[in-house]
Amino acid sequence: MKSGVKYYIHCIIGILIMLVFRFISPFGPVTEVGVKVLGVFLGTMYLWTFVDTLWPSLFGVLMLGLTGFGSFNGLLSSTFGNPIVIMLFFVIMLTGAITEEGICEYISRWFITRRINNGRPWVFTAMLLLGVYLLSVLTAPSPTIFIFWPILYSLFAVIGYKEGDRYVTLMLISVVMAASFGFATTPFKGALPGLLGNYAKVTGTAIEYLPYMVTAAAISLTALAAIVLLMRFVLKPDVTPLKQIDASLFDKNPLPPMNLRQKSLSFALLFFIIWVLAPSLLPEGALQQLLKDTQNAIPVFIITVCCLIHVDKKPLVNFKTIVSKYMIWSVVLIVGSALTIGNALTDEATGITVLLKQILTPVFEGQSPLVFTITIVVIACVLTNICNNMVVGMLLIPIIHVFSQQIGAGSAATSCLSMYMVCIAVVTPAASTTSAILHGNTKWLKIGDIYKYGILMSIISLIAVLAVGLPIANIFFS
């Protein structure tokens, strides 16, 4: 069967799911509107997983307008006018402008040219992966991978590694893992703003950025260290060629000092990060409330100023250029539609949350808070490597909220850990964009190795979430 035929078959199945549910009678606590909303959710989830994230996001919102849940104007407004979606749009612009100006090259070069790396294969390995992680935190996973992979290709050619060598395979996969850790650390980029917004809608309370980031950073750094130790002491690739590493290998084409444009955009990013984290540090008061109320607006302000200010006779941010080159529309649309569809799914008018409680009570009833949290995080780890991470997060948040109240577990801590876990998706090609990039590198990687080491590193991530993240999250969100 041709791939084009498969594509349209999946499209038809997803659309039929939405249409068939319109003719199903209400059942249990689920209302007539709830049945239709459930069909839209399941159909959209299917399309997200097997087709695309772009047009199904739009189609899902339009079909939601036919359920009677809300007016088209209201649903479109909540999708495209949501403050979280607007913030995400301008954050992507800011990180795109940083990439456009070549600032990422300075960050990556700094980590690999430290003298401490000279002749120390495992120090070099750790420093390079740390650089991947930090750059992904500051920008995005995909450009980070495409910056560091060529660095490794050049290194392999110089010191004699070739395709199929164990160190080569492990490092290329580890770069994707480290980039995923960076993606999972920043709650104001990617899928996380949508999941945090959905959590706030479902529970009525918000998860602050700083506690989340501290927890996620601790998990990520622990998992990175564990991966390096796994490579060194268990997998034991041949690192003899790396002993000839010298910083001069990477300084044959030295970078010039950062110019005023690069420094200005670096300051803009630092200003944004400080602004969004400050409310978690400041005591309650007028200043804290001001910063909290303007968190979603501050990237709009930064981009406005960067468009206004001209350096070297051109704006710091060329709006048209950055949007055309770096705007990830699929992310913007999936977050907006997920918030709208997710809010409909958990609304009292649908009765779906009550149904979830009835179905899952036998599963979670009598469990301790610890066992409940472990179960949820393991489910998140497995499902995110099969389904879109927004889908998994949207499914888990109402379940966590309902049963955490029933068994006395902290919904914020469990949700925080599950949100982190759904961002670590590298095993199957459909799991995430980064996973698709990984599986697409057929020149350097074997599919069997991706599955073997991807599963192994995902298990390490899961252990780090439970062993390190759980105690920290319980402290922050108790």
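This report concerns the structure included in the present document. From a predicted model like this one, the values you see are computed outputs, not experimental measurements.

Re unusual backbone geometry
And then number 1: Positive phi, close to 50°, is recorded for lysine 236, a residue that is not glycine.
And then number 2: Positive phi is not limited to glycine here, since aspartate 312 has a value of about 60°.

Brief notes about the packing of aromatic side chains
And then number 1: Taken as a whole and assessed by the stated rule, the structure comprises 19 aromatic pairs.
And then number 2: Relative to tryptophan 275, the ring of phenylalanine 271 has its centre 5.5 Å away and its plane inclined at 50°; by these criteria the two rings are tilted. One end of the pair is phenylalanine 271 and the other is tryptophan 275, both in helix α12 (residues 260–281) and four residues apart, which spans about a single turn.
And then number 3: Of the aromatic side chains, those joined through ring pairs into one cluster are Trp122, Tyr153, Phe156, Tyr161, Tyr167 and Trp444.

Quick notes on the layout of surface pockets
And then number 1: The volume enclosed by the largest pocket comes to roughly 930 Å³.
And then number 2: Lining the largest pocket are 40 residues, and of these Ser142, Ile328, Ser330, Val331 and Thr433 sit closest to its centre.
And then number 3: For the lining of the largest pocket, the secondary structure elements donating two or more residues are α2 (32–50), α5 (83–100), α8 (141–159), α9 (166–185), α15 (319–326), α16 (329–345), α19 (389–407) and α21 (433–440).
And then number 4: If one sorts the elements of the lining of the largest pocket by residue count, α5 sits on top with six residues.
And then number 5: Class assignment for the residues of the lining of the largest pocket results in 21 nonpolar, 16 polar and three charged.

Here's the deal with the packing of α8 against α21
And then number 1: Contact geometry for α8 and α21: axes closest at 9 Å, N-to-C directions at 30°. Comparing their axes, α21 and α8 come out roughly parallel. Crossing geometry of α8 relative to α21 is assigned as right-handed. Contacts between α8 and α21 involve Pro141, Ser142, Ile145, Phe146 and Trp149 from the first element and Thr433, Thr434, Ile437 and Leu438 from the second.

A word on the environment of isoleucine 24
And then number 1: Relative to the helices and strands, isoleucine 24 is located in the loop between α1 (3–20) and α2.
And then number 2: Accessibility expressed as a relative area gives 34% for isoleucine 24, which makes it partly exposed.
And then number 3: The spacing of isoleucine 24 and isoleucine 103 is 79 residues in sequence and 55 Å in space, taken between C-alpha atoms.

Some words on a nonpolar patch on the surface
And then number 1: On the surface, Ile12, Leu16, Leu19, Val20, Ile24 and Phe27 cluster together to form a nonpolar patch covering roughly 480 Å² of accessible area.
And then number 2: If you trace the backbone, leucine 16 turns up in helix α1.
And then number 3: When its relative accessible area of 43% is taken as the criterion, leucine 16 is described as partly exposed.

Quick notes on the side chain of threonine 414
And then number 1: Relative to the helices and strands, threonine 414 is located in helix α20 (residues 411–422).
And then number 2: Judged by its relative accessible area of 2%, threonine 414 is buried.
And then number 3: Other than its neighbours up to four places away in sequence, threonine 414 contacts Phe372, Thr373, Ile376 and Ile400.

Some thoughts on the pattern of salt bridges
And then number 1: What the rule picks out here adds up to six salt bridges.
And then number 2: Salt-bridge contacts for lysine 36 lead to glutamate 32; the nearest nitrogen and oxygen are separated by 3.9 Å. Of the two residues, lysine 36 and glutamate 32 are both situated in helix α2; the distance of four residues between them amounts to about one turn of the helix.
And then number 3: A relative accessible area of 16% places lysine 36 in the buried class.
And then number 4: Its salt-bridge partner being lysine 452, residue aspartate 449 comes within 3.9 Å of it at the nearest N-O pair. With aspartate 449 and lysine 452 both in helix α22 (residues 447–476), this residue pair falls three residues apart, about one helical turn.
And then number 5: Judged by its relative accessible area of 17%, aspartate 449 falls in the buried class.
And then number 6: Taking the relative accessible area as the measure of exposure, lysine 452 reaches 46% and is therefore partly exposed.

Comments concerning helix α17 (residues 352–364)
Because an α-helix packs 3.6 residues into every turn, residues spaced three or four apart end up facing the same way.
And then number 1: Compared with an ideal rise of 1.5 Å per residue, which puts 13 residues at 18 Å, α17 spans 18 Å between its outermost C-alpha atoms and is within 8% of the ideal.
And then number 2: The largest bend along α17 reaches roughly 30° and is located at glutamine 358, with the proline proline 362 sitting one to four residues downstream.
And then number 3: Where α17 is concerned, the buried positions are Ile352, Leu355, Leu360, Thr361 and Phe364.
And then number 4: Buried residues in α17 make contact with α2, α16, α18 (369–384) and α19.
And then number 5: Phi turns positive one or two residues past the end of α17, at glycine 366, with a value near 85°.

Definitions and cut-offs
Residues numbered from 1 in each chain as written. Predicted model: local features only at pLDDT ≥ 70, side-chain atom pairs only at ≥ 80, totals over all residues. Heavy atoms only, no water. Phe/Tyr/Trp six-rings, centres within 6.5 Å; stacked < 30°, edge-to-face > 60°. Helix = DSSP H or I, 4+ residues; strand = E, 2+ residues; numbered from the N terminus. 1 Å grid on protein atoms, 1.4 Å probe; cavity = no way out; pocket = protein on both sides within 12 Å on 5 of 7 lines; lining within 4 Å. Points joined across faces, edges and corners; volume = space filled by probe spheres on them. Nonpolar A, V, L, I, M, F, W, Y, C, P; charged D, E, K, R; others polar. Axes fitted to C-alpha atoms, helices over the stretch in contact; angles between N-to-C directions. Parallel < 35°, antiparallel > 145°, perpendicular 65-115°, else oblique. Left-handed = near helix turned anticlockwise from the far one by under 90°. Contact = heavy atoms within 4.5 Å. Buried < 20%, exposed > 50% of the residue type's maximum accessible area, 1.4 Å probe, protein only. Patch = residues over 30% accessible without salt bridge, like charges linked within 9 Å, V, L, I, M, F, W, Y side chains within 5 Å. Areas by Shrake-Rupley, 256 points an atom, 1.4 Å probe, with all protein chains shown as cover. Salt bridge = Lys/Arg side-chain N within 4 Å of Asp/Glu carboxyl O. Expected span 1.5 Å × (residues − 1). Bend = angle between axes of the 7 residues up to and from the residue.

Spatial relationships are all this shows, so hold off on functional conclusions.
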